[in-house]
Amino acid sequence: MKINPLSVPPTDLEVDHWWAVLTSARTADLPHLPPPSRTEVAGELRVPSARGRTVQWATEDGVARLVLFTDGTNDHTAFLDELTVRPDARRRGTGTALWERVREELLAEGRTSVAAEVELGGAGQAFAEAVGFENALSMAWYVLDVQAVPEASASVPGYELLCWPGLVPDGWATAVAVAHGAMEDAPTGDLEQKIQTWTAERLHAAHRKILDRGGELTTVAAVTPDGEVAAYTELVLPDPALPRALQYDTVVVPAHRGHGLGRAVKLRMLAEAQVRHPDLRTVATVTADDNIPMRTVNEALGYRREHGIGCFQLKL
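Residues numbered from 1 in each chain as written. Predicted model: local features only at pLDDT ≥ 70, side-chain atom pairs only at ≥ 80, totals over all residues. Heavy atoms only, no water.

Some words on the layout of surface pockets
Rules: Definitions used throughout: a 1 Å grid over protein atoms alone; a cavity as a set of points that fits a 1.4 Å probe which cannot get out; a pocket as an open set with protein on both sides within 12 Å along at least five of seven lines; a lining residue as one with an atom within 4 Å of a point. Grid points are joined across faces, edges and corners, and a volume is the space filled by probe spheres set on the points. The numbering of helices and of strands both runs from the N terminus, where a helix is a DSSP run of H or I of at least 4 residues and a strand a run of E of at least 2. By the convention adopted, Pro, Cys, Tyr, Trp, Phe, Met, Ile, Leu, Val and Ala count as nonpolar, Lys, Arg, Asp and Glu as charged, and the other residues, Gly among them, as polar.
Of the pockets and cavities examined, the second largest pocket occupies roughly 190 Å³. Lining the second largest pocket are Pro5, Leu6, Ser7, Val8, Pro9, Pro10, Leu45, Arg46, Pro48, Thr54, Val55 and Gln56. Contributions of two or more residues to the lining of the second largest pocket are made by helix H2 (38-46) and strand E2 (52-58). A per-element tally of the lining of the second largest pocket places E2 first, with 3 residues. Residue classes in the lining of the second largest pocket are distributed as 8 nonpolar, 3 polar and 1 charged.

A look at the pattern of salt bridges
To keep it simple, the criterion reads: By convention in these notes, a salt bridge is any Lys or Arg side-chain nitrogen within 4 Å of a carboxyl oxygen on Asp or Glu. Partly exposed residues are those whose accessible area sits between 20% and 50% of the maximum for their type, while under 20% is buried and over 50% is exposed, using a 1.4 Å probe and protein chains only.
Under the criterion given, the structure shown has 17 salt bridges. Two residues, Arg90 and Asp29, come together in a salt bridge whose shortest N-O distance is 2.8 Å. Of this pair, Arg90 sits in the loop between strand E4 (78-85) and helix H3 (94-108) while Asp29 is found in helix H1 (residues 12-29), placing the two residues 61 residues apart along the sequence. Asp29 gets classed as partly exposed once you look at its relative accessible area, which sits at 40%. A salt bridge links Glu272 to Arg268; the nearest nitrogen and oxygen atoms lie 2.8 Å apart. With a gap of 4 residues between them, Glu272 and Arg268 both fall in helix H7 (residues 261-276), about one helical turn apart. Of the residues examined, Glu272 reaches a relative accessible area of 15% and is grouped as buried. Classification of Arg268 as partly exposed rests on a relative accessible area of 24%. Linked by salt bridges that have partners in common, Arg53, Arg101, Glu104, Glu105 and Glu109 make up one network.

A few points about the pairing of strand E11 (residues 282-288)
Quick reminder of the rule: Here a strand pair is declared whenever DSSP counts at least two bridges between the two strands. Orient the strands so they point away from the viewer; a crossover is then right-handed if the path from the first strand over the helix to the second runs clockwise.
Of all 7 residues in E11, 5 are buried, a share of seventy percent or more. Note that strand E6 (residues 134-145) and E11 share 7 bridges and pair antiparallel. By the bridge assignment for E11, Met139 is matched with Ala288. Relative to E11, strand E10 (residues 244-252) is paired through 3 bridges, and the arrangement is parallel. Within the sheet, the bridge partner assigned to Leu246 lies in E11 and is Ala284. With H7 bridging E10 and its parallel neighbour E11, the resulting β-α-β unit is right-handed.

Quick word on the pairing of E10
Counting buried residues along E10, 7 of its 9 residues qualify, which places the element largely inside the surrounding structure. Looking at chain direction, strand E9 (residues 229-237) and E10 are connected through 5 bridges and run antiparallel. Its bridge partner lying in E10, Ala231 is registered against Val252. Linkage of E9 to E10, two consecutive antiparallel strands, is achieved through a turn of 6 residues.

Shown next as structure tokens:
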């Protein structure tokens, strides 16, 4: 079986092949979800991760993408961002061959572990467990019908809600990066991957990646009179032409918890989405099963559990 590294950048034919593999797998494994768009797939293939070196391979019936972290905090580990085989070609050794190639790369780079996001209860979980991965953090996708969200006040006394389409303005980027540090107490299970210390430059690099991939980004922040970012949330449209968006990080700084800021920034985010993206129908987000406070906020807003996933990890 021939395993080919993708060109840098990938050609249109390579993008089309990758898209076809993912579409066939999504249609078979998660028929209730829309397949990925070509815009989204092309962006992910052609604009690498801001956190490390990306390596991509393809066979006739499968694809794999590995991110080798080089952020200074997680250089011992990596993330298997994709390992997908066409449903009609499974159980013929394609997945195993791709995994062995990934494993060779990990060992050559001296990595001691690798993680992957796996849909629970399907072929992906069975394969991951067969090659030695274990579920290190149980999570789930939750989805919200944007049009069904009732109008409600997003204001909180003592805080101003600001909205930034695209990159966070330079004058606020450092404050948002500092607030990101509150993510350190979010549940991470037994994962070896650590939350990195963010700077304004790192924040802008992560956000620029979204925009360079063809997506759109909006950040909503609750700020204090002295310029501190007390809470924020992010809305991402990987493909603005599609009716489904993603809610990325939602952070409330510990000193400002208990005031309803998580709910406030999410409500403002949804109000902005209805105005800026009138064709948007749903917003999806991932929340760890152990993150009870965020699950409580999401459920109060109307998010419903869509399907379970796990962050699986294998130690080399």
